[in-house]
Amino acid sequence: MNASPFKQGNAIAIGWVLVLICGVVLGETNDSLVFRQQTDSCMGTKWHIALYADRPETANTALAGAWQEIREIDRCLSNYAKDSELNQFCRSSPHAEFIQVSEHLATVLLAAQSVSEQTDGYFDVTIGPIANLWRRARATHRLPNPDRLRAARQCVNYRFVEFGPARRMVRI
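First things first, this report covers the structure right here in the doc.

About the criteria used
- Residues numbered from 1 in each chain as written.
- Predicted model: local features only at pLDDT ≥ 70, side-chain atom pairs only at ≥ 80, totals over all residues.
- Heavy atoms only, no water.
- Helix = DSSP H or I, 4+ residues; strand = E, 2+ residues; numbered from the N terminus.
- Buried < 20%, exposed > 50% of the residue type's maximum accessible area, 1.4 Å probe, protein only.
- Contact = heavy atoms within 4.5 Å.
- Areas by Shrake-Rupley, 256 points an atom, 1.4 Å probe, with all protein chains shown as cover.
- Salt bridge = Lys/Arg side-chain N within 4 Å of Asp/Glu carboxyl O.
- Phe/Tyr/Trp six-rings, centres within 6.5 Å; stacked < 30°, edge-to-face > 60°.
- Lys NZ or Arg CZ within 6 Å of the ring centre and 35° of its normal.
- Axes fitted to C-alpha atoms, helices over the stretch in contact; angles between N-to-C directions.
- Parallel < 35°, antiparallel > 145°, perpendicular 65-115°, else oblique.
- Left-handed = near helix turned anticlockwise from the far one by under 90°.
- Nonpolar A, V, L, I, M, F, W, Y, C, P; charged D, E, K, R; others polar.
- Pairing = 2+ DSSP bridges.
- Polar contact = N/O pair within 3.5 Å; in protein donor to acceptor, adjacent residues only side chain to side chain.

**A word on the overall build of the protein**
If you tally the helices and strands in the protein, you get 6 helices and 5 strands. Taken over 172 residues, the protein has a buried fraction of 24%. Relative to all contacts within the protein whose residues are 6 or more apart in sequence, the contacts with residues 24 or more apart total 47%. Carbon together with sulfur atoms contributes 58% to the accessible area of the protein, which is approximately 12,000 Å² in total.

**A word on the pattern of salt bridges**
On inspection of all chains with the given rule, the structure shows 7 salt bridges. In this structure, the salt-bridge partner of Glu162 is Arg171, at a minimum N-O distance of 3.2 Å. With relative accessibility at 35%, the residue Glu162 sits in the partly exposed group.

**Brief notes about the side chain of Ser116**
Tracing the backbone through its elements, the reader meets Ser116 in helix H4 (residues 103-118). Overall, the relative accessible area of 0% leaves Ser116 in the buried class. Discounting residues that sit within four places of it in the chain, Ser116 has contacts with Gly121, Phe123, Asp124, Val125 and Tyr158.

**Examining the packing of aromatic side chains**
Scanning the model with the defined rule gives 1 aromatic pair in all. Taken together, a centroid distance of 5.0 Å and an interplanar angle of 50 degrees make the contact between Phe35 and Tyr52 tilted. Here Phe35, found in strand S1 (residues 34-42), pairs with Tyr52, found in strand S2 (residues 45-53); they are 17 residues apart in sequence, far enough to count as distant. A residue is classified by how much of its surface remains accessible, and Phe35, at 37% relative accessible area, is partly exposed. When the ring centre of Phe98 is taken as origin, the NZ or CZ atom of Arg171, which lies over that ring, is 4.1 Å away.

**Description of the packing of helix H2 (residues 56-77) against H4**
Packing of H2 against H4 leaves a shortest axis separation of 9 Å and a crossing angle of 65 degrees. Judged on the interaxial angle alone, H4 and H2 are roughly perpendicular. For the element pair H2 and H4, the recorded crossing hand is right-handed. Every residue of H4 that contacts H2 at Glu69, Glu72, Ile73, Cys76 and Leu77 is listed here: His104, Leu105 and Val108. Residue composition of the contact of H2 with H4, grouped by class: 5 nonpolar, 1 polar and 2 charged.

**Some thoughts on the pairing of S1**
Where a strand is regular, its side chains alternate between the two sheet faces. Here 9 bridges tie S1 to S2, and the two strands are oriented antiparallel to one another. Directly across from Val34, in S2, lies its bridge partner Ala53. Linkage of S1 to S2, two consecutive antiparallel strands, is achieved through a turn of 2 residues, within which Met43 is found at a positive phi near 60 degrees.

**Here we look at the packing of helix H5 (residues 128-140) against helix H6 (residues 146-154)**
Helices that pack against each other are described as a pair by the angle of their axes relative to one another and the distance between those axes. Direction vectors running N to C along H5 and H6 enclose 150 degrees, while the axes themselves pass 8 Å from each other. Classified by the angle between their axes, H5 and H6 sit roughly antiparallel to one another. Where H5 approaches H6, its residues Pro129, Ile130, Leu133, Trp134 and Arg136 are matched on the opposing element by Arg148, Leu149, Ala152 and Arg153. Of the residues belonging to the contact of H5 with H6, the class tally is 6 nonpolar, no polar and 3 charged.

**What about the side chain of Ser84?**
Examined against the element boundaries, Ser84 turns out to sit in the loop between H2 and helix H3 (85-91). Exposure remark for Ser84: the relative accessible area of 1% places this residue in the buried category. Here the side chain of Ser84 touches Asn87 through a polar contact of 3.1 Å, landing on its backbone nitrogen.

If you want it as structure tokens, here you go:
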């Protein structure tokens, strides 16, 4: 049986916390550890990474790898970047066939689907068409056209998201 994306994500987060705690504890007793930290912006927020390593090269490689992963997730999942995998997937829907998506997008869609089911649709991963109308309304200071809002509502239902026989195969 596969673990849920939440359990997998929690395990990864707990693993990193343990690594950081061990690094802090070791850092207090071992002066030979190298400390690196860096702050940058991505995904519309500020990120701060701090780490300890046994060598400067290891610290620099780990820091670069962390930023690379954060930027890859942003490239896949941004709902603001028009060329993100998420936006390309949404623009191409509805899909007659299953589409292969990245591991990042599949993980988020599976987690979102789980939350949608648990909340009976109060959280709905397919809310994009309505959110876009209201985002535009906020920018223009004009309410959405009622006909366009009705049409958008017809596209929103988490049950429209289907997963294929392979984990990374999805259609809406």
